[in-house]
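This is what each chain is made of:
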Protein chains: 2
Amino acid sequence: MLSKKTKYGLKALAYVAKHKGEDPVQIGAIAKSENISQKFLESIMLTLRKAGFLGSKKGKGGGYYLRRQPEDIKMVEVMRILEGPVSLVPCVSLNFYERCDDCPDETTCSVHSLMVQLRDSNLSVLNKNTLADLIKE
Amino acid sequence: MLSKKTKYGLKALAYVAKHKGEDPVQIGAIAKSENISQKFLESIMLTLRKAGFLGSKKGKGGGYYLRRQPEDIKMVEVMRILEGPVSLVPCVSLNFYERCDDCPDETTCSVHSLMVQLRDSNLSVLNKNTLADLIKE
DNA sequence: TATAATCCTACTATTCCGATAGGATTTAAA
DNA sequence: TTTAAATCCTATCGGAATAGTAGGATTATA
């Protein structure tokens, strides 16, 4: 299951993208519109800003805005920042590789091939969807 | 990430499938071979038996055996028993549907379409892989 | 100077995961 | 008939992660 952090983060990004070109968007407005705890959302927005998706302006009239074009923000990037690895086991992860503590040998592991297939099918979806796709229609 | 429960359960099923036709397989043997805590594995085997994948024989010389052909046990079934929903959000789950507590309206939810795509791509992999595929080569 | 916003750190409550404990039950073999 | 070997079952527990909260520091506008 997706963490609330990721779900809220995606919705917030979509909200900001929808208001592209306008004044910066406030956390309060997003929280209200998407039914998210404002304090919780604060920390998520911070993560998204530090990751380079969002920029911010402090003080009165401040808020958040997109730093990149929606078409250029792939879902796979956002997922890796918010949710972590795309893979279901660390030993098939491309960006977060780790050995599995069980498994003496990856090549004879019975679940290895299945895990690779799941990783690749998820990657294909996450690579072709961008933030722009989230705000269509 | 996949829970250890699921990972261990898959490995255990593969182990039992590999020894199909022989005497029942003991938990101890699986635990040792796959580096799994025996007590933890006990509870997982119980789950798999109650779900109908495995049969058991008690007492000396007892153990576990497959109740269905490996080619007939789809990974999607096993995952649903051990890991739960295939979907990342309950509101797109086919077998565990629930409304999302946020989201006043699923049709306007910005992440809905992405979640459906991820669900379907995972389903396609999990539907075409069976236990027989886990023990190939 | 007052107000509105983000920024930042720390804390907390709850849930889930992985594992363990301790026996009850059943069966086969000595 | 006894003993050993196996599953069965329920309860519990520590630790980690998740979701959220608190409280103020900082910055910018009007």
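Since this is a predicted model, take the numbers as computed values, not measurements.

K.L.:
Help me out: how do you make sense of the protein's contact with DNA strand D in this one?
P.N.:
As a structural note, the neighbourhood of DNA strand D is formed by 25 residues, with K39 of chain A together with I27, E42, S56 and Y64 of chain B the closest of them. Near the protein, meaning within 4 Å, the atoms of DNA strand D are sugar or phosphate in a fraction of 66%, with bases accounting for the rest. Here a phosphate oxygen of DNA strand D and a side-chain polar atom of R49 of chain B are 3.0 Å apart. One nitrogen or oxygen atom from the side chain of Y64 of chain B is found 2.3 Å from a phosphate oxygen belonging to DNA strand D.

K.L.:
Explain the pairing of strand β2 (residues 63-66) of chain B to me, please; I cannot follow it from the model alone.
P.N.:
For a regular strand, the rule is simple: side chains alternate between the two faces of the sheet. Residues and elements named next belong to chain B. Of the pairings in the sheet, the one linking strand β1 (residues 54-57) to β2 comprises four bridges and is antiparallel in character. Paired with L54 across the two strands is L66, which belongs to β2. Hairpin geometry of β1 and β2 is characterised by an intervening segment of five residues between the two adjacent antiparallel strands and by a positive phi of about 75° at G59.

K.L.:
Teacher, can you tell me more about the interface of chain A and chain B here?
P.N.:
By a frequent convention, interface size equals the accessible area lost on bringing the separate parts together. Residue-level contacts link 35 residues of chain A with 35 residues of chain B. Around 3100 Å² of area is buried between chain A and chain B when both sides are counted, 63% of it from carbon and sulfur atoms. If you sort the residues of chain A by the area they bury against chain B, M1, D102 and S110 of chain A come out on top, with a joint share of 19%. Between chain A and chain B we count six salt bridges in total. The partner of K11 of chain A in a salt bridge is D102 of chain B, and the shortest N-O contact between them spans 2.9 Å. For the pair chain A and chain B, the number of links is twelve residue pairs in polar contact (both at pLDDT 80 or more).

K.L.:
Looking at this model, I keep getting lost on unusual backbone geometry. Mind explaining?
P.N.:
Peptide bonds are, in most cases, trans, and in most cases residues other than glycine have a negative phi. For N35 of chain A, which is not glycine, the phi dihedral falls at a positive 60°. The topology assignment puts N35 of chain A in the loop between α2 (27-34) and α3 (38-50). Of note in this structure, C103 of chain B is not a glycine but carries a positive phi near 55°. Turning to its location among the elements, C103 of chain B is positioned in the loop between α4 (75-82) and α5 (112-128).

K.L.:
Before we go on, may I ask you to explain helix α1 (residues 4-18) of chain B in this structure?
P.N.:
Side chains of residues three or four places apart in an α-helix project in the same direction, reflecting 3.6 residues per turn. In this model α1 of chain B runs 21 Å from its N-terminal to its C-terminal C-alpha over 15 residues, within 8% of the 21 Å that 1.5 Å per residue would give. Among all positions in α1 of chain B, only T6, K7, Y8, G9, L10, K11, A12, L13, A14, Y15, V16 and A17 of chain B are buried.

K.L.:
For this particular structure, what's the right way to read the packing of helix α5 (residues 112-128) of chain A against α5 of chain B?
P.N.:
Between two packed helices, the angle of one axis relative to the other and the distance separating the axes together describe the packing. In the contact formed by α5 of chain A and α5 of chain B, the axes pass within 9 Å of each other and the chain directions differ by 155°. In terms of orientation, α5 of chain A lies roughly antiparallel with respect to α5 of chain B. With respect to the hand of their crossing, α5 of chain A and α5 of chain B are arranged in right-handed fashion. The residues of α5 of chain B that touch α5 of chain A, namely those facing L114, Q117, L118, S121, N122, V125, L126 and K128 of chain A, are L114, Q117, L118, S121, N122, V125, L126 and K128 of chain B. Its residues assigned to classes, the contact of α5 of chain A with α5 of chain B shows eight nonpolar, six polar and two charged.

K.L.:
How should the relation of the copies chain A and chain B be read in this particular structure?
P.N.:
There are two copies of the chain, and a rotation about an axis plus a shift along that axis relates them. Note on the copies: chain A fits chain B at an RMSD of 0.1 Å, the axial shift is 0.0 Å, and the rotation between them is 180°. Each copy turns onto its partner about a two-fold axis. Scanning chain A for the C-alpha nearest the rotation axis identifies S121 of chain A, at a separation of 2.9 Å. The fraction of interface residues of chain A whose copies in chain B are also interface residues reaches 100%, indicating that both copies meet through the same surface.

K.L.:
Before we go on, may I ask you to explain the domain arrangement of chain A in this structure?
P.N.:
Residues and elements named next belong to chain A. Domain assignment breaks chain A into domain 1 (4-66) and domain 2 (70-134). If you average the C-alpha positions of domain 1 and of domain 2, the two centres end up 26 Å apart. Summing both sides of the interface, domain 1 and domain 2 together bury roughly 1100 Å²; the carbon and sulfur share of this comes to 86%. It is T6, L10 and F53 that lose the most area in domain 1 upon contact with domain 2, and together they represent 48% of the buried surface on that side. For the interface between domain 1 and domain 2, the tally reads zero salt bridges. On the surface where domain 1 and domain 2 come into contact, there are one residue pair in polar contact (both at pLDDT 80 or more). If you list the elements that add at least two residues to the side of domain 1 that touches domain 2, you get α1 (4-18) and α3.

How each quantity is defined
- Residues numbered from 1 in each chain as written.
- Chains lettered and ligands numbered in written order.
- Predicted model: local features only at pLDDT ≥ 70, side-chain atom pairs only at ≥ 80, totals over all residues.
- Heavy atoms only, no water.
- Near = heavy atom within 4 Å.
- Polar contact = N/O pair within 3.5 Å; in protein donor to acceptor, adjacent residues only side chain to side chain.
- Pairing = 2+ DSSP bridges.
- Helix = DSSP H or I, 4+ residues; strand = E, 2+ residues; numbered from the N terminus.
- Contact = heavy atoms within 4.5 Å.
- Buried area = accessible area lost by both parts, 1.4 Å probe.
- Salt bridge = Lys/Arg side-chain N within 4 Å of Asp/Glu carboxyl O.
- Expected span 1.5 Å × (residues − 1).
- Buried < 20%, exposed > 50% of the residue type's maximum accessible area, 1.4 Å probe, protein only.
- Axes fitted to C-alpha atoms, helices over the stretch in contact; angles between N-to-C directions.
- Parallel < 35°, antiparallel > 145°, perpendicular 65-115°, else oblique.
- Left-handed = near helix turned anticlockwise from the far one by under 90°.
- Nonpolar A, V, L, I, M, F, W, Y, C, P; charged D, E, K, R; others polar.
- Least-squares fit on C-alpha atoms with pLDDT ≥ 70 in both.
- Domains from an automatic or database assignment.

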